Amino acid sequence: VGKKVQAIYLWWHKPVINKELLQSLPNLKVIANSGVGMDHLDLKLVASFGVKMANAPRAVSSSTADTGMALLLASARRLVEVRNISISPSMEYCEADILGVKIAGATLGIIGMGSIGYKIALRAKAFEMNILYHNRTQRKAQEEQAVSATYCEKIDSLLQQADFVMVVVSLTPQTHKLIGKRELELMKPTATLINISRGAVVDQEALVAALQTGVIRAAALDVTSPEPLPRDHPLLKLKNIIITPHLGIKTDKASYMITEEAVENILAALNGLPLSSEVLPS
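Note that the structure is predicted; figures quoted are calculated from it, not measured.

**Here we look at the packing of helix 3 (residues 57-76) against helix 10 (residues 252-270)**
Piece 1. Interhelical geometry of helix 3 versus helix 10 gives an angle of 160 degrees and a closest axis separation of 8 Å. By the criterion of interaxial angle, the relationship of helix 3 to helix 10 is roughly antiparallel. Once helix 3 is placed against helix 10, the crossing between them reads as left-handed. Contact residues: helix 3 offers Pro57, Arg58, Ala59, Val60 and Ser63, while helix 10 offers Ala254, Met257, Ile258, Glu261 and Glu264.
Piece 2. When the residues that make up the contact of helix 3 with helix 10 are grouped by side-chain class, the tally is six nonpolar, one polar and three charged.

**Digging into the UniProt feature "domain: D-isomer specific 2-hydroxyacid dehydrogenase catalytic" (unreviewed entry) in the protein chain**
Piece 1. According to UniProt, the positions carrying the feature "domain: D-isomer specific 2-hydroxyacid dehydrogenase catalytic" (unreviewed entry) are residues 10-279.
Piece 2. Summarising residues 10-279: 37% helix, 13% strand, and an end-to-end C-alpha distance of 14 Å.

**Topic: the nonpolar core**
Piece 1. The biggest cluster of nonpolar side chains holds 29 residues, and the ones touching the most others in it are Val165, Leu184, Leu193, Leu207 and Leu235.
Piece 2. At five residues, helix 9 (residues 204-213) tops the list of elements feeding residues into this core.
Piece 3. Contacts of Leu184, omitting those with residues within four sequence positions, involve Ile179, Leu193, Ala206, Leu207, Ala210, Val215 and Ile216.
Piece 4. In terms of nonpolar packing, the next biggest core, distinct from the first, is built from 28 residues, Leu71, Ala74, Leu108 and Tyr133 among them.

**Focus: the sheet that holds strand 9 (residues 218-221)**
Paired through their backbone hydrogen bonds, the strands of a sheet run either parallel or antiparallel.
Piece 1. Ordered in space as 6-5-4-7-8-9-10, the seven strands form an open sheet in which the pairing is parallel. With partners counted over all chains shown, the strands left at the sheet margins are strand 6 (149-151) and strand 10 (241-243), one partner each. Adjacent strand axes in the sheet meet at a mean angle of 15 degrees when their direction is disregarded.
Piece 2. Here strand 7 (residues 164-167) pairs with strand 8 (residues 192-195) via four bridges, running parallel. Within the sheet, the bridge partner assigned to Phe164 lies in strand 8 and is Thr192.

**Digging into the environment of Leu235**
Piece 1. Relative to the helices and strands, Leu235 is located in the loop between strand 9 and strand 10.
Piece 2. Spatially, the C-alpha atom of Leu235 lies 44 Å from that of Pro274, the residues being 39 residues apart in sequence.
Piece 3. Other than its neighbours up to four places away in sequence, Leu235 contacts Gln204, Leu207, Val208, Leu211, Leu221, Leu229, Ile241 and Ile243.

**Points about the pairing of strand 1 (residues 7-10)**
Side-chain positions along a regular strand alternate between the two faces of the sheet.
Piece 1. Alternating residues of strand 1 divide into Ile8 and Leu10, all buried, and Ala7 and Tyr9, none buried.
Piece 2. As defined by bridge partners, strand 1 adjoins strand 2 (residues 30-33) across four bridges and the pair is classed as parallel. Its bridge partner being in strand 2, Ile8 is matched across the sheet by Ile31.

**Re the pairing of strand 8**
Piece 1. Alternating positions in strand 8 separate into two faces, Thr192 and Ile194 on one and Leu193 and Asn195 on the other, with burial throughout.
Piece 2. For the segment spanning strand 7, helix 8 (residues 181-186) and strand 8, crossover handedness is right-handed.
Piece 3. Note that strand 8 and strand 9 share four bridges and pair parallel. Residue Ile194 lies in a different strand from strand 9, and its bridge partner there is Ala220.
Piece 4. In the classification by handedness, the crossover that spans strand 8, the intervening helix 9 and the parallel strand 9 is right-handed.

The rules behind the values
Residues numbered from 1 in each chain as written. Predicted model: local features only at pLDDT ≥ 70, side-chain atom pairs only at ≥ 80, totals over all residues. Heavy atoms only, no water. Axes fitted to C-alpha atoms, helices over the stretch in contact; angles between N-to-C directions. Helix = DSSP H or I, 4+ residues; strand = E, 2+ residues; numbered from the N terminus. Parallel < 35°, antiparallel > 145°, perpendicular 65-115°, else oblique. Left-handed = near helix turned anticlockwise from the far one by under 90°. Contact = heavy atoms within 4.5 Å. Nonpolar A, V, L, I, M, F, W, Y, C, P; charged D, E, K, R; others polar. UniProt positions renumbered as here; feature names shortened; annotations may be inferred. Core = buried A, V, L, I, M, F, W, Y, C linked by side-chain atoms within 4.5 Å. Buried < 20%, exposed > 50% of the residue type's maximum accessible area, 1.4 Å probe, protein only. Pairing = 2+ DSSP bridges. Right-handed = clockwise from strand over helix to strand, strands pointing away.

Structure representation (structure tokens):
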């Protein structure tokens with residue numbers, strides 16, 4: 001049926017797009033992705049076959065921003081730890097051992113102020129947080145004012161000031177291990193790292209060491225490298241970390257909206273119309 005296939009809808013990176021598959025589909029016109037991140041695709045290879053590509057940014061930003069804030073709140077108030085205490089047979093604990101971190105008045109540093117990062121800022125403002133952000137380009141003044149955000153041209157400045165650092169960047173060669181030993185050591189010892197982008201954006205070996213030695217207070221990860229982590233991975237043995245299985249966009253409404261957006265892009269490509277969220281190789 002290879003000659004009949006004109007479009008592929010990728011759901012959680014399946015099917016794997018490689019040279020062999022592209023060669024077997026001579027009439028393929030478009031690949032639509034279920035999400036924003038395109039790091040699982042060789043964009044230049046796909047483009048060399050004359051195939052258009054699209055992602056689904058409109059559908060995912062709110063759900064992913066919700067996940068980021070959920071991780072921030074859960075880590076700050078130690079919800080996983082106290083939940084385990086609450087269901088334990090003895091229910092014995094010392095109140096001093098479950099003290100959390102106050103959110104209101106704390107400083108959130110957002111690394112990556114695209115559509116998801118901006119929606120995180122909107123949510124953080126409602127929690128009365130001070131907001132810093134680092135991005136390749138500075139947002140417009142009115143956009144900054146709407147969320148009371150301050151631009152940090154240098155990532156180091158953000159890391160040194162933030163109580164919570166939220167990573168919301170795409171995975172590229174430039175962002176691979178963007179947060180490593182040096183960056184973690186710039187953070188406050190009371191700070192928390194939250195990653196909702198891609199696992200490889202953080203140097204996980206450096207993160208293990210930072211959490212074990214108190215370089216930073218805690219971490220909350222919705223993404224790891226690989227996913228899932230091997231069951232003997234040292235990150236899984238730490239108490240000052242929350243790990244979720246890439247929940248990001250996993251809500252019923254977001255899944256439906258992603259499919260709608262993908263279908264829109266596929267129909268546009270098949271009818272020779274512009275794609276609403278076309279992705280071009282850099």
